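So you can see what is in the structure, the chains are spelled out below.
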Amino acid sequence: TQQANYLFNATTRHDNMSLAEQAANTDFPVQSIPFGVFSADGKGPRCGTRIGNYAVDLSAVKDIFSGPALGGKASVFDEPTLNSFMGLGRPAWKEAREALQKLFSENKPDDDKVKDAVFPVDSVTMQMPAKIGDYTDFYSSREHATNLGKLFRPNGNPLLPNWLHIPVGYHGRASSVVVSGTPIRRPRGQTCPDPEKPPIFGPCKLLDFELEMGFFTGPGNKLGDPISVENAQDSIFGLVLLNDWSARDIQKWEYVPLGPFLGPPIITIEALQPFILPNVPQDPTHLPYLKHADNFNFDIVTKSNFKEVYWSIRQQLILHSNTGCNIFPGDLMGTSWPEEGSFGSMLEISWRGTKPVDVGNGWEPQRNPRQDDHLLTKVSTDWLLKGNPFQCLAAWQHVVDAICTIL
């Protein structure tokens, strides 16, 4: 595989191995260098990365960041979020990766230079990686859009006329983006199950979750100054898995879905360069401001594959900014990504609640929604996470091993 070419030929681990050598056959080799925020030792959040089975406090090794892009700016790693680092731009991101790769290749976990910075991953608690100013949920998977179109418009065209011409998205509430494992209360709202009767108020009975790929933004643009398709990649910091929750029955009536659920650390675009694949052919040809000839889809595998997403993340960003809307470091955008013949949400898997889906102990949540005294704590990990690269952005906390608690 592509990933194998990037792994060290180490088959054993012992005390004389560097951090990079010890990490060679893990989900987080030295080629990965994800970024996130964690807390440990009873202290507050700190910017970090992961190498093998260790989380690394970047503020404790900030003296290594002395190159032309990061020199004099390493204090960004003293902050409790990655926003300032994201705002420094691609040269700084690349320089940080290279400095960390050198550090991990030259030092063992107990060496003086790193011993106060490394923590076993099972001793840390993941925190929000950024203060998210805005969240946009895109609808960029043709398969997902077609499935939902068939469900909601069974007698009409599954794809609305605009879908093949622009990456459709809607703006969501960033305040409800939380770290995986955070308890989520079953939302209550107004629904109208019988169109011949007045609406009612009560708990959601069609709570859906959806596999999405998100990306965090870096340097943005001034208000009124759109980002060009040629430069869009310089404003994309990295990718992250999302679990997007939607109160489908409330959404149908109010169109206010519950916000997304945030999981693993952020894998930078730089780390994903070996996994770039050709863009999905797009027909009809769209307007020039959305066209980019260079490839910008990625071979990221679950039971689906992100390479099948119809609208690239560059095109999503362009659509967001083309009116002059300003983007800020740490903004989050996401999209579903099932490939042909697969599903990306419980809504599709259960075909809007008409097909039973046993998630354990005989519970079929779409048909028998439990409320205050029941929990959804595990859903098939194989469905969401399976394969490479880097075990599909493998989570510091596995994103669905304890996917959530519904109170």
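Below, the structure is looked at part by part. A quick note: this is a predicted structure, and the numbers were derived from the prediction, not measured. (Residues numbered from 1 in each chain as written. Predicted model: local features only at pLDDT ≥ 70, side-chain atom pairs only at ≥ 80, totals over all residues. Heavy atoms only, no water.)

Comments concerning the pattern of salt bridges
What the rule picks out here adds up to 10 salt bridges. Ionic pairing is found between arginine 314 and aspartate 294, a salt bridge with its closest N-O pair at 2.5 Å. Taken together, the positions of arginine 314 in helix α6 (residues 313-321) and aspartate 294 in the loop between β15 (276-277) and β16 (297-298) put the pair 20 residues apart, joining distant regions of the chain. For arginine 314, a relative accessible area of 2% corresponds to the buried category. What emerges from the salt-bridge pattern is a single network uniting Arg90, Asp234 and Glu270. (Salt bridge = Lys/Arg side-chain N within 4 Å of Asp/Glu carboxyl O. Helix = DSSP H or I, 4+ residues; strand = E, 2+ residues; numbered from the N terminus. Buried < 20%, exposed > 50% of the residue type's maximum accessible area, 1.4 Å probe, protein only.)

Quick look at unusual backbone geometry
Aspartate 283 connects to proline 284 through a cis peptide bond whose omega is 10°. Within the secondary structure, proline 284 sits in the loop between β15 and β16. Here the phi dihedral of isoleucine 33 falls at roughly 45°; this positive angle occurs in a residue that is not glycine. Take isoleucine 33: it is sitting in the loop between α1 (19-22) and β1 (35-39). In this structure isoleucine 33 comes out as buried when scored by relative accessible area, which is 0%.

Examining the environment of leucine 159
One can find leucine 159 in the loop between α4 (142-152) and β7 (169-172). The exposure class of leucine 159 is buried, given its relative accessible area of 11%. Separated by 14 residues in sequence, leucine 159 and alanine 145 have C-alpha atoms that sit 6.7 Å apart. When residues no more than four places from it in sequence are discounted, the contact partners of leucine 159 are Arg142, Ala145, Thr146, Arg153 and Leu164. (Contact = heavy atoms within 4.5 Å.)

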